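The primary structure of each chain is shown beneath.
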Amino acid sequence: MIHPAAIIHPEASLGVGCEIGPYCVLGPHVVLGDRCRLHSHVVIDGHTVLGQGNEIYPFSSLGLKTQDLKWKGGVTWTRIGDFNTFRENVTVNSATSEGNATVIGSHNHILNCCHIAHDSVLGDHIIMSGYSGLAGHVIVEDHAILGGYAGVHQFCRIGRLAIIGGASKIGQDVAPYMLVDGNPAQTRAVNKIGLERNGIAPEAQRALRQAHKILFRDGLIVSNALARIEADLPPLPEVRHLVEFVRGSERGVIR
């Protein structure tokens, strides 16, 4: 199902059941998995590989050259998983350095006018609300949510099941399971609704609330707060992930 007004390079690879709308443009190194749907006016170029069931709305561009001025040429990649939605005017740039990739997992919902810059790595089940943006080398873990107009500085990490309020300025890492909001951003609370919706056990929710108090409210330096969390709280997977994430932070965690 390819509209006659689409322009598809003969070397591009299309899976079974793809729908390509009018005025879409696909470059020679593009690979689409089965049942992808491009509505119209979509541009996909570069060494870009999409899995199955992705839906891309008008005026989005995927896989084009990085905007990073350090780009010196070479083969860079954009790799996208399955069943993602890219709404109108989304941009996803390829990586900067030879052999590197911008990576997006599966089941993500990327709303209108979002930007995902070079070398970013996104997990699964992420929601980026309209006009939110990721600078280069950003990591976003599974089930994170970015509010509209939120901006994330390069090399930051957004933890699992974190939620970022609209128009927030993110200059450091966002701890997993937390709600962050403001400009400059602050960690306000545990993401209670997100934890409930994703089936996190009540015991783990209680432990995360205690961890939030120790890490963000008791005035301890980070190393002492982590040591106290490990000593006082049960070693649940969620607690361990929070501790490991914060301990591994290079930019520091928003407090």
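Residues numbered from 1 in each chain as written. Predicted model: local features only at pLDDT ≥ 70, side-chain atom pairs only at ≥ 80, totals over all residues. Heavy atoms only, no water.

**A few points about the packing of aromatic side chains**
Item 1. In the structure shown here, the tally under the stated rule is 1 aromatic pair.
Item 2. On the basis of an interplanar angle of 0 degrees and a centroid distance of 4.8 Å, the ring pair of Tyr131 and Tyr149 is categorised as stacked. Separated by 18 residues along the polypeptide, Tyr131 in the loop between β18 (127–128) and β19 (133–134) and Tyr149 in the loop between β21 (145–146) and β22 (151–152) bring together distant segments of the chain.
Item 3. One Lys or Arg, Arg87, reaches over the ring of Tyr57 and ends 3.7 Å from the middle of that ring.
Item 4. Above the plane of the ring of Phe245 lies Arg157, whose end atom (NZ or CZ) is 3.9 Å from the centre. (Phe/Tyr/Trp six-rings, centres within 6.5 Å; stacked < 30°, edge-to-face > 60°. Helix = DSSP H or I, 4+ residues; strand = E, 2+ residues; numbered from the N terminus. Lys NZ or Arg CZ within 6 Å of the ring centre and 35° of its normal.)

**Quick look at the nonpolar core**
Item 1. Leu32 and Leu38 are the most contacted members of the largest nonpolar core, which totals 41 residues.
Item 2. With residues near it in sequence (within four places) discarded, Leu32 still touches Ser13, Leu14, Gly15, Cys18, Ile20, Leu26, Leu38, Ile44 and Leu50.
Item 3. Counting 25 residues, the second largest nonpolar core, distinct from the first, contains Tyr177, Leu195, Ala225 and Ile229. (Core = buried A, V, L, I, M, F, W, Y, C linked by side-chain atoms within 4.5 Å. Buried < 20%, exposed > 50% of the residue type's maximum accessible area, 1.4 Å probe, protein only. Contact = heavy atoms within 4.5 Å.)

**Notes on the pairing of strand β11 (residues 77–80)**
Item 1. Only one face of β11 is covered, namely the one carrying Thr78 and Ile80; the face carrying Trp77 and Arg79 has none of its residues buried.
Item 2. In this sheet, β11 lies alongside strand β8 (residues 47–50) in parallel orientation, the contact comprising 4 bridges. Along β11, the bridge assignment pairs Thr48 with Thr78.
Item 3. Sheet topology note: the β11/strand β14 (residues 101–104) ladder contains 4 bridges and is parallel. Along β14, the bridge assignment pairs Ile80 with Ile104. (Pairing = 2+ DSSP bridges.)

**Topic: the sheet that holds strand β1 (residues 7–8)**
Item 1. Strands sit in the order β1-β4-β7-β10-β13-β16-β19-β22-β25 across an open sheet of 9 strands; the sheet is parallel. Pairing within the sheet leaves two strands with one partner each, and these edge strands are β1 and β25 (169–170).
Item 2. Summarising the sheet, strand β7 (residues 43–44) and strand β10 (residues 61–64) pair through 2 bridges and their orientation is parallel. Residue Val43 lies in a different strand from β10, and its bridge partner there is Ser61.

**Here we look at the state of the cysteines**
Item 1. Enumeration according to the criterion identifies 0 disulfides in this entry.
Item 2. With no disulfide of its own, Cys156 has Cys114 as its nearest cysteine by sulfur position, at a separation of 17 Å. (Disulfide = S-S within 2.5 Å.)

**Let's talk about the pattern of salt bridges**
Item 1. According to the stated counting rule, one finds 10 salt bridges in the structure shown.
Item 2. Of the charged contacts, one joins Glu19 and Arg37 as a salt bridge, the two residues approaching to 3.7 Å between their closest N and O atoms. Here Arg37 lies in strand β6 (residues 37–38) and Glu19 lies in strand β3 (residues 19–20), a separation of 18 residues in the sequence.
Item 3. By relative accessible area, which is 37% here, Arg37 ends up partly exposed.
Item 4. Two residues, Arg87 and Glu88, come together in a salt bridge whose shortest N-O distance is 2.9 Å.
Item 5. On the basis of relative accessibility, which here comes to 26%, the residue Arg87 falls in the partly exposed class.
Item 6. The structure contains a network of salt bridges with shared partners spanning Lys213, Asp218, Arg228 and Asp232. (Salt bridge = Lys/Arg side-chain N within 4 Å of Asp/Glu carboxyl O.)

**What to know about the pairing of strand β26 (residues 178–182)**
Item 1. Across 2 bridges, the pairing between strand β24 (residues 163–164) and β26 is parallel. Looking at the pairing, Ile163 lines up with Leu179 of β26.
Item 2. Where β26 and strand β27 (residues 185–190) come together, 5 bridges link them in antiparallel fashion. Looking at β27, one finds that Asp181 is bridged to Gln186.
Item 3. Hairpin connection, β26 to β27: the antiparallel pair is bridged by 2 residues.

**Describing the packing of helix α3 (residues 222–232) against helix α4 (residues 237–247)**
Packed helix pairs are characterised by how far apart their axes lie and by the angle those axes make with each other.
Item 1. Between α3 and α4, the shortest axis-to-axis distance is 11 Å and the interhelical angle comes to 160 degrees. Compared by their axis directions, α3 and α4 come out roughly antiparallel. The two elements α3 and α4 meet at a crossing, and its hand is left-handed. Contact residues: α3 offers Val222, Leu226, Ile229 and Glu230, while α4 offers Val239, Val243, Val246 and Arg247.
Item 2. Within the contact of α3 with α4, the residues separate by chemical class into 6 nonpolar, no polar and 2 charged. (Axes fitted to C-alpha atoms, helices over the stretch in contact; angles between N-to-C directions. Parallel < 35°, antiparallel > 145°, perpendicular 65-115°, else oblique. Left-handed = near helix turned anticlockwise from the far one by under 90°. Nonpolar A, V, L, I, M, F, W, Y, C, P; charged D, E, K, R; others polar.)

**What to know about the side chain of Asn108**
Item 1. Inspection of the secondary structure assignment puts Asn108 in the loop between β14 and β15 (109–110).
Item 2. Given a relative accessible area of 2%, Asn108 falls into the buried group.
Item 3. A polar contact of 2.7 Å, which involves the side chain of Asn108, links it to the backbone nitrogen of Ile126.
Item 4. With sequence-adjacent residues up to four places away left out, Asn108 is seen in contact with Phe83, Asn84, Thr85, Gly123, Asp124, His125 and Ile126. (Polar contact = N/O pair within 3.5 Å; in protein donor to acceptor, adjacent residues only side chain to side chain.)

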